[in-house]
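Survey of secondary and tertiary structure
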Amino acid sequence: MSFGRIVVVDWSAAGRPVTGRDSIWIAQARGGAVETWNPPTRAEAEARLRALMAEALGAGERVLIGADFAFGFPAGFSRALTGRDAALAVWDWLAGRITDDARNRNNRFAVAAEMNRALPGLGPFWFRPAGPDLPDLPLKGRARHGHGMAETRVTDARAPGAQPVWKLGGAGSVGSQVLTGLPVLWRLRAAYPGKVAVWPFEETRTAAVVLAEVFPSLLRERIAAVMPSRRGKPGRHDWPVMDAVQVRMLALALARLGDGVDALLAAPDRTAPLAEEGWILGVGAEARLIAAAAGVGGDALPPRAGAGAADAPGAPARDQGAGRSGGASPVAGDPAPERMRLTPPRLRNDCFAMPQGVDWVPVDAALARLRAALAPLTDVEESAVAGAGGRVLAADVAARRSNPPHANAAVDGYGFAHAALAGEGPHELPLVTGRAAAGQPLDAPVPPGAAVRILTGAILPEGVDTVVLEEDCASDGARVAFDGPVKRGANARRAGEDVAAGAPVLTAGRRLTPADLALLSALGVGRVKVLRRLRVAVLSTGDELLDDPGTDAPPHRIFDANRPMLLEVARRWGHVPVDLGCAPDDPAEIAARLDRGAREADVILTSGGASAGDEDHVSRLLRARARLSSWRIALKPGRPLALALWPGGGDGGVAVPVIGLPGNPVAALVCTLIFGRPALSMLSGAGWVAPLGFDVPAAFGKRKKPGRREYLRARLDAQGAAEVFASEGSGRISGLSWAEGLVELPDGAATIRPGDPVRYLPYAGFGLG
C-alpha cells in the first residue's frame with residue numbers, strides 16, 4: 001500500500017529559537033506538490049508534525065515521516081542502559097528524562113552524563129558546554145576510555161558522511177539531535193496508538209503512519225546539481241538554504257518512487273543488529289533512490305525570499321512543480337472577456353445556513369485537529385507547595401516521608417501487646433505510668449502484659465501493637481479491663497499504610513488541587529517543579545467598540561463586553577491574563593497590539609474580525625503576516641474560528657498562537673468553552689480536557705435542523721430538568737448571565753420534546769464554577 005504523503009524532517013538541537021541555516025526544516029510532498037516549513041523551535045516542529053499526521057489520518061492517507069537523525073545506538077548500548085536489546089526502550093528512557101521548553105532550552109548534556117554513568121569507564125558521549133559541572137561527560141572524544149561501545153553503527157559505515165551518535169557538539173555532531181529528537185518521535189508514536197510504526201523495529205506494512213530514519217546526503221550529488229552557483233554574485237542574500245533543498249529533494253524523490261518505497265523498507269541488511277541500531281532508509285538501495293531524484297530538478301528549490309513564504313518561521317511554501325501556473329485574479333473594475341453569471345444561494349432566513357458548495361468542519365473533527373496541532377509552551381520553574389495551588393506539575397513527585405511516618409493510634413483508648421493476652425477475655429492489665437498523645441510520645445517501652453493510656457494520633461510506644469477503644473474499657477487509673485476477643489492490630493495505623501516513603505504520588509501534567517497541597521505537605525514535600533503559568537493575552541477589535549462602560553455612548557457605538565469576560569475566564573482557568581485593550585479597525589493598530597501580545601504572552605485570543613467580511617481586519621492581517629488557518633465549524637453559535645501563528649519580534653522570535661474568536665459575545669464564550677479551554681490547557685502543559693456533562697430531562701421543546709451542533713444557554717429547574725433561555729438569538733447577552741450551563745444538541749436533525757434526555761454541560765464542568 002503506497003504512501004499518500006511523504007514528510008522529511010531535518011532536525012536541529014539548537015539551544016534557542018532559530019530559523020534559516022542549521023535549523024529545523026520540514027518538507028511534505030503530496031500529489032506532485034511540496035510544502036516547506038521552518039519552525040524556530042522543537043515544540044513548534046512537534047506541533048507541525050502532529051498536525052500533518054492528523055490531516056493525513058483524517059484524509060485516510062498513509063504518511064511516511066523520515067527524520068534525519070539516528071533511531072538507534074551501536075549494539076549493546078540499549079541493554080547497558082535499559083536492560084533490553086531494543087532501541088525503542090531507549091526512546092522510552094529518553095522521553096522520561098529529556099526536558100525541552102518552548103524556547104529550546106533543554107537538559108541534553110546532563111542526560112548524556114547520566115547515560116555515561118550507566119556504562120563502565122568514561123564515555124561514550126562526549127562534548128559539553130562551558131559552565132555545567134559534568135565530570136561524567138568528557139570535553140574531548142580522546143578523553144574517553146573503557147566504555148565498551150563501538151564508535152558507529154553498521155548502517156553508518158555504509159552511508160558516506162554519516163557521523164557517530166556520541167558527539168554532542170562541534171562540527172559534524174549528531175548526538176544532540178538524537179537526544180532531542182527521539183523523545184519527540186516517541187510522543188508522536190504515543191499520540192496515535194496502533195496507527196504508528198517505527199521502521200525497522202516494528203511491522204510497517206499495515207501502519208497508517210511510518211517513522212523512518214533518513215539521510216538526505218545520500219542524494220548529495222543531485223542536491224549540488226540543483227543549487228545555484230554563487231560565483232560572481234557575492235551580494236545575493238536570497239540563496240536557498242541547503243537544509244531546505246535537502247528535505248524537499250528527498251521528499252519529492254520518495255514520492256516519485258510510489259510503491260517503490262516499500263522496496264526500500266525491505267532493503268536493510270538483515271545481518272545487522274536492527275532491533276538495537278536501526279537502519280537508514282535507502283542504504284543498500286541507493287541506486288533506486290538516486291534514479292527517482294534525477295527527475296526532481298529545480299522543484300527542490302524553495303521560492304526565493306520575496307517570492308514566497310519558504311523562509312518564514314513556521315510558514316509553508318507551496319510549489320506545484322511542472323503544473324505551476326501564474327497570473328493575477330481579476331478584481332473589481334478589471335475588464336473580463338466573459339462575465340460569469342452569479343447564482344445566489346436560496347434564501348433560508350438563517351445566518352447559520354450552510355453556503356452552497358462549502359464544506360464545514362464538524363465540532364469533533366475540529367477538536368481532533370486542534371488537539372493534534374498543539375504542544376505545551378511554558379517553561380519550568382520551582383514553587384513552594386503552599387503557593388502552588390492551581391499550578392501544573394512539571395515533574396513527577398515522590399513522597400519524602402511515609403504517611404503516617406510512624407505507627408500510631410486511630411482512637412483514644414488503651415494500647416498493649418496483643419501477644420500478651422490469654423484467651424478471648426475478659427482481660428485486665430496494669431497501666432504503666434504516663435500516657436502517649438499526639439506530639440507527646442511515651443519515651444519508655446511498655447512491658448508485655450501491661451497497657452498504656454493512648455490518645456488518637458499518638459505514636460505507638462515500643463511494645464504496643466493493638467489499641468482498645470476507650471468506650472469499651474473500664475479503668476481505675478491503675479488497671480484497665482476490657483472484654484474480648486480483640487483482633488491484633490485493632491485501632492492501630494501502620495507506618496506508611498497510606499503512602500510509603502519514596503512512592504510516586506503525583507505525576508507531571510496534573511493541576512494541583514487544595515487536596516494535593518495537603519498530601520504533598522503531609523509527605524514532607526516543600527517545593528515542587530511546576531510549569532510557568534500560561535500567559536493569555538486578550539484583544540478586542542472593532543470601530544464600534546468603546547472601552548469604558550462608565551461613559552456615555554453614541555448610538556453607533558457599543559461597550560466591549562468580550563474582553564472583560566475572556567480575561568476573567570483566563571484567570572479562572574489558572575492562567576495569567578494579559579490585557580491588550582480594544583483596537584479600532586486599523587490594521588497597523590491591530591498589528592501593534594499583536595506584536596505586544598507576542599512579547600508579553602504565550603497565546604493571544606482575539607474577538608471580532610475572524611470571519612471573511614469587508615471589515616474583518618484580523619483575519620486579513622493574519623492571512624498576510626502569519627500562518628492562518630480559518631475554520632468554518634458546523635457550530636451554532638460560533639461558526640468562524642481563526643487559528644494562526646503570529647511571528648515573534650526580533651531575530652529568532654518565537655511565533656505565538658492566535659485564536660480568533662467571533663465578535664458576538666455569546667458565540668465568543670461558546671467557542672472559548674468548547675475550543676479555547678482544551679487548547680489553553682494543552683498549551684499550559686495540563687493536557688487536553690473535555691467538559692463534564694450529564695443527561696437530564698428537557699424542560700423545553702425544539703425541532704433542530706441537521707448540519708451543525710448547537711449549544712443552548714440553559715440551567716436546571718427545581719426538578720432537575722434543563723430549561724433554556726427564551727431566545728436563541730446570539731445577540732441576547734443577558735442569556736449568558738441567566739444561564740448556568742449549556743445544553744448540547746447533536747450534529748444531526750433532532751426533535752426534542754419535554755422529558756426527553758438531553759446533554760447538559762454546567763459552567764462548573766468547564767472550570768467556571
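For the structure itself, look to the data block above.
I will try to describe carefully the structure that is included in this document. Here the structure is a predicted model, which means the values were calculated and not measured.

Rules and cut-offs
Residues numbered from 1 in each chain as written. Predicted model: local features only at pLDDT ≥ 70, side-chain atom pairs only at ≥ 80, totals over all residues. Heavy atoms only, no water. Helix = DSSP H or I, 4+ residues; strand = E, 2+ residues; numbered from the N terminus. Buried < 20%, exposed > 50% of the residue type's maximum accessible area, 1.4 Å probe, protein only. Contact = heavy atoms within 4.5 Å. Areas by Shrake-Rupley, 256 points an atom, 1.4 Å probe, with all protein chains shown as cover. Axes fitted to C-alpha atoms, helices over the stretch in contact; angles between N-to-C directions. Parallel < 35°, antiparallel > 145°, perpendicular 65-115°, else oblique. Nonpolar A, V, L, I, M, F, W, Y, C, P; charged D, E, K, R; others polar. Pairing = 2+ DSSP bridges. Salt bridge = Lys/Arg side-chain N within 4 Å of Asp/Glu carboxyl O. Polar contact = N/O pair within 3.5 Å; in protein donor to acceptor, adjacent residues only side chain to side chain.

1. Some remarks on the overall build of the protein chain
Each helix and strand counted, the protein chain has 18 helices and 36 strands in total. Looking at the 769 residues of the protein chain, the share that counts as buried comes to 50%. Sequence-distant contacts in the protein chain: of pairs separated by 6 or more residues, those separated by 24 or more amount to 68%. With the model as given, the accessible surface of the protein chain reaches about 35,000 Å², and the carbon-plus-sulfur share is 52%.

2. Observations concerning the packing of helix α4 (residues 108–117) against helix α6 (residues 175–191)
Where α4 meets α6, the closest approach of the two axes is 10 Å, and the angle between their N-to-C directions is 100°. In terms of their interaxial angle, α4 and α6 are classed as roughly perpendicular. Residue-level contacts link R108, F109, A112 and M115 of α4 to S176, L179 and T180 of α6. Taken together, the residues of the contact of α4 with α6 sort by class into four nonpolar, two polar and one charged.

3. Things to note about the environment of A422
For A422, the location among the structural elements is in the loop between β12 (413–416) and β13 (427–436). Counting along the chain gives 27 residues from A422 to G449, while the straight-line C-alpha distance between them is 9.7 Å.

4. Topic: the pairing of strand β32 (residues 709–716)
Burial within β32 is extensive, with six of its eight residues counted as buried. Of the pairings in the sheet, the one linking strand β27 (residues 635–636) to β32 comprises two bridges and is parallel in character. Across the sheet, L635 pairs through a bridge with R709, a residue of β32. In terms of strand pairing, β32 meets strand β34 (residues 741–745) through five bridges, oriented antiparallel. Of the residues in β34, the one forming a bridge with R713 is L742. With three bridges connecting them, β32 and strand β33 (residues 722–724) associate as antiparallel partners. In the strand pairing of β33, R715 is matched with E723. Counting the residues between successive antiparallel strands, the hairpin from β32 to β33 contains five residues, one of them, G720, with a positive phi of roughly 85°.

5. Some remarks on unusual backbone geometry
A cis amide bond links N403 to the next residue, P404, at an omega of -5°. Between K636 and the following residue, P637, the backbone shows a cis peptide bond with an omega angle of -5°. Inspection of the secondary structure puts P637 in the loop between β27 and β28 (640–646). The backbone of F127 sits at a positive phi, close to 90°, despite the residue not being glycine. The topology assignment puts F127 in the loop between α4 and α5 (154–157). According to the relative accessible area criterion, F127 is partly exposed, its value standing at 25%.

6. With respect to the pattern of salt bridges
Tallied over the full model, the rule gives 44 salt bridges. In this structure, E568 and R572 form a salt bridge, with 2.9 Å as the shortest nitrogen-oxygen distance. Taken together, the residues E568 and R572, both in helix α14 (residues 562–572) and four residues apart, mark about one turn of the helix. Classification of E568 as partly exposed rests on a relative accessible area of 29%. With a closest N to O distance of 2.6 Å, E589 and R593 form a salt bridge. Linking E589 with R593, this pair stays in helix α15 (residues 587–600), spanning four residues, or about one helical turn. Among the ionic contacts, a cluster of salt bridges with common partners joins D101, R105, D379, R532, R535 and D602.

7. A word on the sheet that holds strand β8 (residues 380–384)
One open sheet holds the three strands; their spatial order is β8-β20-β9, and the pairing between them is antiparallel. Every other strand in the sheet has two partners, leaving β8 and β9 (392–393) as the edge strands with one partner each. Here β9 runs beside strand β20 (residues 527–531); their pairing, made up of two bridges, is antiparallel. Bridge assignment links V392 to a residue of β20, and that residue is L531.

8. A look at the environment of R97
In this fold, R97 is placed in the loop between α3 (87–95) and α4. Take R97: its relative accessible area is 33%, and that puts it in the partly exposed class. Separated by 13 residues in sequence, R97 and A110 place their C-alpha atoms 9.6 Å apart. For R97, the side chain forms a polar contact with the main-chain oxygen of W93, separated by 3.2 Å.

What is shown is where atoms sit, not what they do.
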